[in-house]
Amino acid sequence: MTALPTRRLGALTVSAQGLGCMGMSQAYGASDDTQSIATIHRALDLGVTLLDTSDFYGTGHNEELIGRALAGSRREQAVVATKFGFANRLGEPPYIRGDAAYVREACDASLRRLGVDHIDLYYVHRVDQTVPIEETVGALAELVEAGKVRHLGLSEAGADTIRRAHAVHPIAALQSEWSLWTRDLEAEIAPVCRELGIGLVPFSPLGRGFLTGRYTSLDALPEDDLRRTQPRFADGNLERNLAIVDALNALAAEKGVTAGQLALAWVQHRGDDVVPIPGTRREKYLEENVAAATLELSAEDLAAIDAAAPADRVAGPRYDERSMSVVDK
């Protein structure tokens, strides 16, 4: 397998592709910690350095899992990214906190669960609309000064919030959804990030697995799978969206790759400041994803992919109303 190149997120150097670890603890059915840790170790062996988690995932379990996976010398191989903001990790509805006291409390708790002395990249998971972003980032800047955090990030933040946050302390990365079927940030947010030198970290670059072609009906998903509640997997929308996957499958077959690899390579080609974090619990799919990081696509290939999966053909919003309510506009 070709060596994985590196990219920059602000002043932070990471592998050109990261590993999203959320599904190892929640959302996509039962998981196996032993299998998940083996996948993390395989990722590190393949040159994937960026491991993405949050205190929200599995109500802390995911951070503890990564801590176990990185025990000993493995810590030196990893760039650990985690997030804070969901103050009621055990309850509903979402309750977001970004006040200075909570920032400090959340960081110390994440450090304990991860078993590390610093967090490499610390994200505001969701922006607290009741607290000025200047207060939140000011508290984060104090954590950088204290050596508990190295670099700062935002997740699902709007353009104005990004500018205001960056004016307080340099922001290394913006994490938001970006894939062939979610292109919301292209018009305004990505240009602002590039103007300010902020890297882009797309989550769900495979459309929560849909663009791999492995899910052709809800019957293929576990009963407790989060995707059963999401609009794009709903009856009516699902069938329309499968037409996009069929078109990707045809293009992928011509290149001798999978539809998922083609969709992921498209994200990788959005720019040298883009570091997608596809998630998986299995080494097989990890290796497929990593191979996509070095898949070369010509201008003609990219145009054909865009034609096969135009943004206006996707059926259904990316989130339900509750989840969209905590996305910063």
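Refer to the structure printed above.
Keep in mind that what you see is a predicted model, and the values were worked out from it rather than measured. (Residues numbered from 1 in each chain as written. Predicted model: local features only at pLDDT ≥ 70, side-chain atom pairs only at ≥ 80, totals over all residues. Heavy atoms only, no water.)

Visitor: Talk me through the overall build of the protein; I want residue IDs and the actual numbers.
Guide: Helix and strand counts for the protein stand at eleven helices and nine strands. Going through the 329 residues of the protein one by one, you find that 58% of them count as buried. Surface summary for the protein: the accessible area is close to 13200 Å², and the carbon and sulfur share equals 49%. (Helix = DSSP H or I, 4+ residues; strand = E, 2+ residues; numbered from the N terminus. Buried < 20%, exposed > 50% of the residue type's maximum accessible area, 1.4 Å probe, protein only. Areas by Shrake-Rupley, 256 points an atom, 1.4 Å probe, with all protein chains shown as cover.)

Visitor: Now, about the pairing of strand β1 (residues 6–9): what can you tell me, with residues and values included?
Guide: A one-sided burial pattern is seen for β1, the buried positions being Arg 7 and Leu 9 and the unburied ones Thr 6 and Arg 8. With four bridges connecting them, β1 and strand β2 (residues 12–15) associate as antiparallel partners. By the bridge assignment for β2, Arg 7 is matched with Val 14. Linking two consecutive strands that pair antiparallel, namely β1 and β2, is a turn of two residues; a positive phi of about 60° is found at Gly 10 within it. (Pairing = 2+ DSSP bridges.)

Visitor: Let's hear about the environment of Glu 64: which residues, and what values?
Guide: Relative to the assigned elements, Glu 64 resides in helix α2 (residues 61–69). Taking the relative accessible area as the measure of exposure, Glu 64 reaches 40% and is therefore partly exposed. Remark: the alpha-carbon pair of Glu 64 and Gly 115, spanning 51 residues in sequence, is separated by 7.7 Å.

Visitor: Outline the pattern of salt bridges, supporting the account with residue identities and numerical values.
Guide: According to the stated counting rule, one finds 18 salt bridges in the structure shown. When the shortest N-O distance is used, the salt bridge between Asp 120 and Arg 75 registers 3.0 Å. In this pair, Asp 120 is assigned in strand β6 (residues 119–124) and Arg 75 in the loop between α2 and β5 (79–84), connecting sequence segments 45 residues apart. Take Asp 120 and Arg 75: they sit in the same class, and that class is buried. In this structure, Lys 148 engages Asp 108 in a salt bridge whose closest nitrogen and oxygen atoms are separated by 2.8 Å. Residue Lys 148 is located in the loop between α4 (133–145) and β7 (149–155), and its partner Asp 108 is located in helix α3 (residues 100–114); the two are separated by 40 residues in the primary sequence. Judged by its relative accessible area of 28%, Lys 148 falls in the partly exposed class. Salt bridges here are not isolated pairs; linked through shared partners, they connect Glu 134, Asp 160 and Arg 164. (Salt bridge = Lys/Arg side-chain N within 4 Å of Asp/Glu carboxyl O.)

Visitor: So what's going on with the sheet that holds strand β4 (residues 50–52)? Residues and values would help.
Guide: Strand order in the open sheet formed by seven strands is β3-β4-β5-β6-β7-β8-β9, with parallel pairing between adjacent strands. In this open sheet, the two edge strands, each paired with only one partner strand, are β3 (19–20) and β9 (199–203). Judged from the four bridges that link them, β7 and strand β8 (residues 171–177) form a sheet pairing that is parallel. Within β8, the residue paired with Ser 155 across the bridge is Gln 175.

Visitor: How would you explain unusual backbone geometry if you had to name every residue and give the values?
Guide: A negative phi angle is the norm for most residues apart from glycine, just as the trans form is the norm for most peptide bonds. Unusually for a residue other than glycine, Glu 156 sits at a positive phi of about 55°. Considering the arrangement of structural elements, one finds Glu 156 in the loop between β7 and α5 (159–168). Phi at Ser 204 is positive, roughly 50°, even though this residue is not glycine. Here Ser 204 lies in the loop between β9 and α7 (237–255). Ser 204 gets classed as buried once you look at its relative accessible area, which sits at 15%.

Visitor: Outline the packing of aromatic side chains, listing residues and values.
Guide: This structure, assessed with the given rule, holds three aromatic pairs. Between Phe 56 and Phe 86, the aromatic rings sit 4.4 Å apart at their centres with planes inclined by 25°, giving stacked as the arrangement. Pair noted here: Phe 56 is in the loop between β4 and α2 and Phe 86 is in the loop between β5 and α3, with a separation of 30 residues, a long-range link. Residue Phe 86 is classed as buried on the basis of its relative accessible area of 6%. For the ring pair Trp 181 and Phe 210, a centre distance of 5.0 Å and an interplane angle of 5° mean the geometry is stacked. Here the residue Trp 181 occupies a position in the loop between β8 and α6 (189–196), and Phe 210 occupies one in the loop between β9 and α7, the gap between them amounting to 29 residues. (Phe/Tyr/Trp six-rings, centres within 6.5 Å; stacked < 30°, edge-to-face > 60°.)

Visitor: If you had to explain the environment of Val 137 to someone new, which residues and values would you point to?
Guide: Residue placement: Val 137 occurs in helix α4. In sequence terms Val 137 and Gly 98 are 39 residues apart; their C-alpha atoms lie 8.7 Å from each other. Residue contacts for Val 137: discarding those within four places in its chain leaves Leu 152, Ala 165, Val 168 and His 169. (Contact = heavy atoms within 4.5 Å.)

Visitor: Hey, could you go over helix α10 (residues 299–308) for me, with residue numbers and the actual values?
Guide: Among all positions in α10, only Leu 302, Ile 305 and Ala 308 are buried. An end-on view of α10 places all buried positions within 125° of arc, on one side of the element. Away from the buried face of α10 by more than 90 degrees, exposed residues Ala 299, Glu 300 and Ala 307 are located. Of the surrounding elements, those touching the buried residues of α10 are α7 and α8 (259–268). (Arc of directions from axis to C-beta.)

Visitor: A description of the nonpolar core should follow, citing residues and the corresponding values.
Guide: Judged by nonpolar contacts, the single largest core of 85 residues is most densely connected at Leu 19, Tyr 122, Leu 154, Ile 162, Leu 174 and Leu 248. Aside from chain neighbours lying at most four places away, what touches Leu 174 is Leu 154, Ser 155, Glu 156, Ala 157, Ile 162, Ile 189, Cys 193, Ile 198, Gly 199, Leu 200 and Val 201. The next biggest cluster of nonpolar side chains, apart from the first, holds 16 residues, and it includes Ala 172, Ala 173, Val 275 and Ile 277. (Core = buried A, V, L, I, M, F, W, Y, C linked by side-chain atoms within 4.5 Å.)

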